[in-house]
Amino acid sequence: MEKDLKLIGIENHNSRRRKKGLEPLTKKEFRKYTRNVSKDATGRNAPHVDKAIERMKETFGKDVTRKKKECFRCGKNKKLTEFVCRYDGKEPVINNVCKQCESKRTSEWAKSRKSR
Ligand SMILES: [Zn+2]
């Protein structure tokens with residue numbers, strides 16, 4: 001199922017490239033290109049990422065794009081916008097685990113659920 005979706009992705013992507021007059025990408029190049037899904041070819045964020053950053057700016061102030069904090073799991077110093085933000089509690093909080101580590105953890109959790 002996952003493989004099929006990726007193939008549709010490469011076809012759509014290559015048809016867009018052809019319209020621009022660019023050479024279509026091979027499967028290998030496309031995989032490299034989609035590795036960083038939150039940004040497009042020009043380095044802009046995906047719309048859902050931009051939206052999340054805007055909301056963080058509104059609730060925590062503009063400093064979120066400059067301030068850094070250490071991730072609990074990988075120990076890297078990252079910008080506050082690279083952390084998951086939760087708005088469900090009494091007060092909005094920024095998690096201590098970065099988005100990358102969190103997505104890794106949730107995908108592993110999902111896998112362990114499947115194998116049960
Ligand atoms: Zn991390």
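Residues numbered from 1 in each chain as written. Predicted model: local features only at pLDDT ≥ 70, side-chain atom pairs only at ≥ 80, totals over all residues.

Some points on the overall build of the protein
Inference 1: Counting its regular elements, the protein contains four helices and four strands.
Inference 2: Mapped from its N terminus to its C terminus, the protein presents α and β elements in the order α-α-α-β-β-β-β-α.
Inference 3: Burial status across the protein gives 4% buried among its 116 residues.
Inference 4: Expressed as a percentage of contacts within the protein between residues at least 6 apart in sequence, the contacts between residues at least 24 apart total 23%. (Helix = DSSP H or I, 4+ residues; strand = E, 2+ residues; numbered from the N terminus. Buried ≥ 20, exposed ≤ 12 C-beta atoms within 10 Å, placed from the backbone. Contact = placed C-beta atoms within 7 Å.)

Focus on helix 3 (residues 47–60)
Inference 1: With 14 residues, helix 3 extends 20 Å between its outermost C-alpha atoms, agreeing within 8% with the 20 Å of an ideal straight helix rising 1.5 Å per residue.
Inference 2: With its phi angle positive at about 95°, glycine 61 sits one or two positions after the end of helix 3. (Expected span 1.5 Å × (residues − 1).)

A closer look at helix 4 (residues 99–114)
Inference 1: In this model, helix 4 (16 residues) spans 22 Å end to end at C-alpha, consistent with the 22 Å of a helix rising 1.5 Å per residue.
Inference 2: Summarising burial for helix 4: one of the 16 residues are buried, a small minority.

Structural notes on the environment of glutamate 91
Inference 1: Here glutamate 91 lies in the loop between strand 3 (83–86) and strand 4 (93–98).
Inference 2: Accessibility expressed as a C-beta count within 10 Å gives 7 for glutamate 91, which makes it exposed.
Inference 3: Distance from glutamate 91 to threonine 59, taken between C-alpha atoms, is 9.8 Å for residues 32 residues apart in sequence.

Things to note about the pairing of strand 3
Inference 1: Note: strand 3 against strand 4, three bridges, orientation antiparallel. Paired with arginine 86 across the two strands is valine 93, which belongs to strand 4.
Inference 2: Adjacent in sequence and paired antiparallel, strand 3 and strand 4 are bridged by six residues. (Pairing = 2+ DSSP bridges.)

Remarks on the confidence of the model for the protein
Detailed conclusions should not be drawn from predicted coordinates in areas where pLDDT is low.
Inference 1: When pLDDT is averaged along the protein, the result is 84, and 86% of the positions lie at 70 or above.
Inference 2: Between the elements of the protein, mean pLDDT differs from a low of 76, seen in helix 1 (residues 2–19), to a high of 94, seen in strand 1 (residues 68–70). (pLDDT = per-residue confidence, 0-100.)

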